[in-house]
Amino acid sequence: MKRLTKAQLNIIARQTLAKTAEVGWENAQKNLPYIKKTILGLRSEASKRVADSAIIASAGPSLHRRHPAPAILAAKFKGPVVAADGALGYCLRNGLIPDYVVTVDPHPARIIRWFGDPALAHREADDYFQRQDLDPALHKEGEARNQELLDLVNKHGRGIKAIISTSVNPEVALRCLEAGMELYWWNPLYDDYDAANSYSRRVYQLTKAPCMVTGGNCGTSAWVFAHAVLHSKRTALLGMDLSYPPNTSIQNTQYYKEMVELFGDRAEEAFIRVYNPYLKETWYTDPTYYWYRQSLLDLARQADCETYNCTEGGIVFGKGIKFTILKDFLERFS
Amino acid sequence: MAQYLKGNYRLPKKVKPKVSKEKPTVEQKFEQESLAKLGGSIAFIMKSKTFLWEGDEGEKTDQSSA
């Protein structure tokens, strides 16, 4: 498939709104009893911080392929580490305890897996985690790995602040509370708050939590949080591939089932190939991840902070992004 | 077929097939429907470089606690 036009990207944006706004609104109402503090409470904390650099850990395949945790620990990086929920397991298993974990996706059953799911044995069968590179540790021995994650999150939860969207399933909120995390709430900026019947305005009025731009996914939300709330002058992105390595089987991609349903035998043709001149490799991506990529590039161009992509993989490069290796970032800014 | 269906007269006015700019072709329609099934994790919009919306001026309160 060719790269998507703006009109095509808008279709994905509209569909995502249709898919997530109503369920997010319903979850916000269910989460009301747990909403005590908002992310604005972290601004004063951020202003006292000495370091002005942050690291954002996302759950793309490069997080496991490049294994950046030992380098960050060795460098004694002083700034905050912000993990997308999907990267939490990787961080904890490797001794990198994030200061913050961001969660936003309203999916009813999958997201709690990133925190260890106390009810996993009773869930319906779901091969989502087995198929993908998001966290290969969850591929095999699912229940044993889940127990390991439950224990790790319980052990370290008190030291991690949950940057939790009102859109998430209340089970996620309860799991974070059970692990001893402090919850700091926010709303996704779903739509234009000046439009009639705006979800953003309704959810703001319900919760009194600020609405934050998301970029369509958790990793980009974590980057926005570091920029807009922590006021980091520079952020390093890890695991932000928004694409699949050249040798990945299409069966191991996030939207494989939908792509086959839509395109049948020609599903492979529907993926988008992007040559990364820094890596001198061609990675491939699906329409949704391509939308994420374009959204992040748009946001990075508009933000008054420096964004260093230290993923060492993927397709996030362009104006507003400094594509570099983690070692260089750590040497300059630890 | 068109090569066998030639008239032996001239039309007074050249007829152009109407192509509506509004209506998508079947291929475009399929493409639109396909893309619509591939929604992301959460809705996304950016309005006037506002990364964080804290309500209208009159609504803003100390929001560190909800």
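Presented here is a report on the structure given in the accompanying data block. (Residues numbered from 1 in each chain as written. Chains lettered and ligands numbered in written order. Predicted model: local features only at pLDDT ≥ 70, side-chain atom pairs only at ≥ 80, totals over all residues. Heavy atoms only, no water.)

A tally of helices and strands in chain B yields one helix and one strand. By the burial criterion, 27% of the 66 residues in chain B qualify as buried. Carbon and sulfur atoms make up 54% of the accessible area of chain B, which totals about 5700 Å². (Helix = DSSP H or I, 4+ residues; strand = E, 2+ residues; numbered from the N terminus. Buried < 20%, exposed > 50% of the residue type's maximum accessible area, 1.4 Å probe, protein only. Areas by Shrake-Rupley, 256 points an atom, 1.4 Å probe, with all protein chains shown as cover.)

Moving on, we come to the interface of chain A and chain B. Listed as interface residues are 61 residues of chain A and, on the opposing side, 31 residues of chain B. Looking only at chain A, the three residues that lose the most surface to chain B are Tyr193, Tyr204 and Leu262 of chain A, adding up to 15% of its buried area. The interface formed by chain A and chain B holds four salt bridges in total. One salt bridge connects Arg201 of chain A with Asp56 of chain B, and the closest N-O pair in it is separated by 2.8 Å. Along the contact surface separating chain A from chain B lie 16 residue pairs in polar contact (both at pLDDT 80 or more). Put simply, the parts of the chain that give the side of chain A that touches chain B at least two residues each are helix H1 (6-31), helix H9 (199-207), strand S6 (211-212), helix H10 (218-228), helix H11 (256-263) and helix H12 (287-302) of chain A. Here the element with the most residues in the side of chain A that touches chain B is H1 of chain A; it accounts for eight residues. (Contact = heavy atoms within 4.5 Å. Buried area = accessible area lost by both parts, 1.4 Å probe. Salt bridge = Lys/Arg side-chain N within 4 Å of Asp/Glu carboxyl O. Polar contact = N/O pair within 3.5 Å; in protein donor to acceptor, adjacent residues only side chain to side chain.)

With that settled, the discussion passes to the pairing of strand S7 (residues 234-238) of chain A. Residue and element names in this part refer to chain A. Counting buried residues along S7, five of its five residues qualify, which places the element largely inside the surrounding structure. Of the two faces of S7, the one lined by Arg234, Ala236 and Leu238 and the one lined by Thr235 and Leu237 are each fully buried. Both strand S1 (residues 53-57) and S7 contribute to a ladder of five bridges, which runs parallel. Counted as the bridge partner of Ile56 is Leu237 from S7. Pairing of S7 with strand S10 (residues 306-309), which is carried by four bridges, proceeds in the parallel orientation. Following the sheet pairing, Leu237 is matched in S10 by Asn309. (Pairing = 2+ DSSP bridges.)

On to the packing of aromatic side chains. Scanning the entire structure with this criterion turns up 17 aromatic pairs over all chains. Both rings, one in Tyr289 of chain A and one in Tyr292 of chain A, keep their centres 5.3 Å apart while their planes meet at 45 degrees; by these two values the pair is tilted. With a gap of three residues between them, Tyr289 of chain A and Tyr292 of chain A both fall in helix H12, about one helical turn apart. The same class applies to Tyr289 of chain A as to Tyr292 of chain A, namely buried. Pairwise contacts between aromatic rings join Tyr244, Phe271, Tyr284, Tyr289, Trp291 and Tyr292 of chain A together with Phe44 of chain B into one cluster. Positioned above the aromatic ring of Trp25 of chain A is the side chain of Arg202 of chain A, whose terminal nitrogen or guanidinium carbon lies 4.5 Å from the ring centre. Seen from the ring of Tyr284 of chain A, Arg273 of chain A lies directly overhead, with NZ or CZ sitting 5.6 Å from the centre. (Phe/Tyr/Trp six-rings, centres within 6.5 Å; stacked < 30°, edge-to-face > 60°. Lys NZ or Arg CZ within 6 Å of the ring centre and 35° of its normal.)

Here we come to the sheet that holds strand S11 (residues 321-323) of chain A. Judged by pairing direction, the sheet is mixed, and its 10 strands sit side by side in the order S11(A)-S10(A)-S7(A)-S1(A)-S2(A)-S3(A)-S4(A)-S5(A)-S6(A)-S1(B) without closing on themselves. Each end of this open sheet is capped by a strand with a single partner; those strands are S11 of chain A together with strand S1 (52-53) of chain B. Where strand S4 (residues 161-165) of chain A and strand S5 (residues 182-188) of chain A come together, five bridges link them in parallel fashion. Counterpart to Ile164 of chain A in the pairing with S5 of chain A is Trp185 of chain A.

Opposite charge on two side chains lets them pair, provided their charged atoms get close. Applying the stated criterion across every chain, the model contains 16 salt bridges over all chains. Arg43 of chain A serves as the salt-bridge partner of Glu54 of chain B, at 2.8 Å between the closest nitrogen and oxygen. On the criterion of chain membership, the pair formed by Glu54 of chain B in the segment after S1 and Arg43 of chain A in helix H2 (residues 42-48) is interchain, its members lying in two chains. Using a relative accessible area of 27% as the deciding quantity, one classes Arg43 of chain A as partly exposed.

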